[in-house]
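# Observations on the three-dimensional arrangement
What follows is each chain in one-letter form.
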Amino acid sequence: MLTPIDCQAARGRLQWTRERLAAEAGVAVSAVLAFELDQDPPEAELVAALTGALEAPQINLSSASGTERWINSP
């Protein structure tokens, strides 16, 4: 499951602004901000939309726990 830290890391690697991620995911910029700041428990639909937007480009995420995973792995 996508975490706020993973989301920020993925955006950074893609060099996407929150506005770009919101547009790609079809959600409000405020929803991306709230998710990344871990303000409220996210709705499953939001997490799915963000994950879907970040899956198009292939990126490798290393989580804060030290585990590594691929989004859209080959």
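Rules behind the numbers
- Residues numbered from 1 in each chain as written.
- Predicted model: local features only at pLDDT ≥ 70, side-chain atom pairs only at ≥ 80, totals over all residues.
- Heavy atoms only, no water.
- Helix = DSSP H or I, 4+ residues; strand = E, 2+ residues; numbered from the N terminus.
- Expected span 1.5 Å × (residues − 1).
- Buried < 20%, exposed > 50% of the residue type's maximum accessible area, 1.4 Å probe, protein only.
- Arc of directions from axis to C-beta.

## Let's talk about helix H4 (residues 44-55)
- Here H4 contains 12 residues, and its C-alpha end-to-end distance of 16 Å stays within 8% of the 16 Å for a straight helix at 1.5 Å per residue.
- Among the residues making up H4, those that are buried are Leu46, Val47, Leu50, Ala53 and Leu54. End-on, the buried residues of H4 take up no more than an arc of 130°, which puts them together on one face. Of the exposed residues in H4, the ones pointing more than 90 degrees away from its buried face are Ala44 and Glu45.

## Re unusual backbone geometry
- At Gln15, a residue that is not glycine, the phi angle is positive and equals roughly 60°.
- Overall, the relative accessible area of 72% leaves Gln15 in the exposed class.
- Of note in this structure, Asp38 is not a glycine but carries a positive phi near 55°.
- Tracing the chain through its elements places Asp38 in the loop between helix H3 (29-36) and H4.
- Among the residues examined, Asp38 registers a relative accessible area of 54% and is labelled exposed.

## Comments concerning helix H1 (residues 4-14)
- Turning to H1, its buried residues are Pro4, Asp6, Cys7, Ala10, Arg11 and Leu14. Looking down the long axis of H1, one finds its buried residues gathered within 160° of arc, a one-sided arrangement.
- Just beyond H1, the residue with positive phi is Gln15, at close to 60°.

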